Amino acid sequence: MQVAIVGPPLSGKTTLSNLLAGNSGDQPYGKEMRPGRQDVAIRMAKVPDERIDFFSNMFKPRKTTYAQIQITDVPGLSASTNGSKADCSRFLSYLRTVDAFIYVIRAFGNVPGALPIDYEIDPISEIESLNLNLILADLQVAQNRIERLEHSRKRNADEEAELELLQRAKPLLEEGKRLDRLLTPEEKHNLRGYAFLTLKPIVIVVNLSEDQFLEHSYPGKEKLKAYLAEHDIPLIELSAKIEAEIQELPGEEQKVFLQEYGITEPAIGQLSKKVYQVLGLISFFTVGEDEVKAWPIQDGTTAKKAAGKVHSDIERGFIRAEVVSFEDLKNAGSVAAVRSGGVYRLEGKDYIVKDGDIMNFRFNI
């Protein structure tokens, strides 16, 4: 899973990405790219999962592997477009490789020395401003492709259908509308090769000041919730500053302060659930003394395709999958009890994997 954190300058993107990756320092780790003078820092965030913790305690494996989210902290979009045309193109091309966007919206206006004291926060305007940057980038792609197709003297049937679809999409973009809200699932599928930015799902993170977090209130809150509900966009409200400060404390003290602030689930837990939700993902698990591992897959994936996530040879030589649900194993207390209780079952290649399934694949190549 690859997600890009975007937002206006001073919204708290870097603080959030450090927090999600468990890195409270100022220096990013992982690879970087520099479109113009702007840094794109890539971090890996472990997806917390109590089921992995349970398996690890049960099997005492030599290795425990959580699912991970690759988080890219990108510059403010308004800043990123100030470079050369080549730099901007490279920057936007990189964004097309991610699976989803996290919009970080600042709910506080009092940034000393950076924003006017009377600066008014309008979360919806900030979201629509971010959307506009992506819409304009998609419009350029659509225009270029339409021109090439229209000047082609010999278009085949597929290209004719492609041209017709792009000609429907272009006016929507010209009106400042995201494609994901307007096209059918089949049309979105047919446009997947373009990696349109406005077809990628988004999660909104409203970054609150300490006072706003404690008061559960910020400017434009109710209008924002109504707007997001209308467009079916998930929302997370948090204070990256509070959580970053708590993260620097020793483990036991962290628990005390999380309880004091009423934080029942840290940011990475909230965010990973929303990312899974918008991308339509679930997790299955492989367990044993060698390794306990979570495998994110698309909801609706068959057992044979899930086997391919582990290794292509297992998919190619797939015979059967031994399957037990997390709840059944947890209730039974051991693999032996599961087997003797008759809840360990064999499934064929067309079995649809469910969230929490523990799978052992039988194969022969």
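As a reminder, the structure under discussion sits directly above these lines.
The text that follows walks through the structure, step by step, so that each part is easy to find. On a predicted model such as this, the values are computed, not experimentally measured, just so you know.

### Some words on the overall build of the protein chain
Thinking step 1. The secondary structure content of the protein chain amounts to 16 helices and 13 strands.
Thinking step 2. Here the protein chain holds 365 residues, and 45% of them are scored as buried.
Thinking step 3. Of all intrachain contacts in the protein chain linking residues separated by at least 6 positions in sequence, the fraction that spans at least 24 positions is 69%.
Thinking step 4. Accessible area for the protein chain stands at about 19,100 Å²; split by element, carbon and sulfur atoms hold 48% of it.

### A closer look at helix 6 (residues 157-174)
An α-helical turn contains 3.6 residues, so any two residues separated by three or four positions project in the same direction.
Thinking step 1. Between its first and last C-alpha atoms helix 6 spans 26 Å; for 18 residues at 1.5 Å apiece the expected length is 26 Å, and the two agree.
Thinking step 2. Taken together, the buried positions of helix 6 are Glu162, Leu163, Leu165, Leu166, Ala169, Leu172 and Leu173.
Thinking step 3. Those residues of helix 6 that are buried are in contact with helix 5 (123-150) and helix 7 (185-190).
Thinking step 4. Taking the backbone nitrogen of Asp158 as reference, a side-chain oxygen 3.1 Å away marks Asn156 as the first, capping residue of helix 6.
Thinking step 5. One or two steps after helix 6, the chain reaches Gly176, where phi turns positive at roughly 80 degrees.

### Some details on the packing of aromatic side chains
Thinking step 1. For the structure shown, the criterion picks out 8 aromatic pairs.
Thinking step 2. Pairing Phe55 with Phe285 gives two aromatic rings, centres 5.1 Å apart and planes at 65 degrees, and the pair type is edge-to-face. Placement of Phe55 in helix 2 (residues 50-59) and of Phe285 in strand 9 (residues 281-286) is noted, with a sequence separation of 230 residues between them. Grouping residues by exposure puts Phe55 and Phe285 together as buried.
Thinking step 3. In this structure an aromatic cluster arises from ring pairing among Phe54, Phe55, Phe285 and Phe326.

### Side note on the packing of helix 5 against helix 9 (residues 221-231)
Thinking step 1. Helix 9 packs onto helix 5 with a crossing angle of 40 degrees between their chain directions and a minimal axis gap of 9 Å. Taken together, helix 5 and helix 9 sit at an angle that is classed as oblique. Residue-level contacts link Pro123, Ile124, Ile127, Glu128 and Asn131 of helix 5 to Lys223, Leu224, Tyr227 and Leu228 of helix 9.
Thinking step 2. When its residues are assigned to classes, the contact of helix 5 with helix 9 shows 6 nonpolar, 1 polar and 2 charged.

### Describing the pairing of strand 11 (residues 318-325)
Thinking step 1. Within strand 11, 6 of the 8 residues are buried, leaving the element largely enclosed by the surrounding structure.
Thinking step 2. Note: strand 11 against strand 12 (residues 345-347), 3 bridges, orientation antiparallel. Considered in strand 12, the bridge of Glu322 is made with Leu346.

### Let's talk about the pattern of salt bridges
Thinking step 1. Following the criterion strictly, the structure yields 20 salt bridges and no others.
Thinking step 2. The residue Asp73 makes a salt bridge to Arg43 at a minimum N-O spacing of 4.0 Å. Placement of Asp73 in strand 5 (residues 68-73) and of Arg43 in strand 3 (residues 40-46) is noted, with a sequence separation of 30 residues between them.
Thinking step 3. Of the residues examined, Arg43 reaches a relative accessible area of 2% and is grouped as buried.
Thinking step 4. When the shortest N-O distance is used, the salt bridge between Arg51 and Asp355 registers 3.2 Å. Note that Arg51 is positioned in helix 2 and Asp355 in the loop between strand 12 and strand 13 (357-363), a separation of 304 residues in sequence.
Thinking step 5. When salt bridges with common partners are traced through the structure, they connect Asp49, Arg51 and Asp355 into a single cluster.

Cut-offs and rules
- Residues numbered from 1 in each chain as written.
- Predicted model: local features only at pLDDT ≥ 70, side-chain atom pairs only at ≥ 80, totals over all residues.
- Heavy atoms only, no water.
- Helix = DSSP H or I, 4+ residues; strand = E, 2+ residues; numbered from the N terminus.
- Buried < 20%, exposed > 50% of the residue type's maximum accessible area, 1.4 Å probe, protein only.
- Contact = heavy atoms within 4.5 Å.
- Areas by Shrake-Rupley, 256 points an atom, 1.4 Å probe, with all protein chains shown as cover.
- Expected span 1.5 Å × (residues − 1).
- Polar contact = N/O pair within 3.5 Å; in protein donor to acceptor, adjacent residues only side chain to side chain.
- Phe/Tyr/Trp six-rings, centres within 6.5 Å; stacked < 30°, edge-to-face > 60°.
- Axes fitted to C-alpha atoms, helices over the stretch in contact; angles between N-to-C directions.
- Parallel < 35°, antiparallel > 145°, perpendicular 65-115°, else oblique.
- Nonpolar A, V, L, I, M, F, W, Y, C, P; charged D, E, K, R; others polar.
- Pairing = 2+ DSSP bridges.
- Salt bridge = Lys/Arg side-chain N within 4 Å of Asp/Glu carboxyl O.

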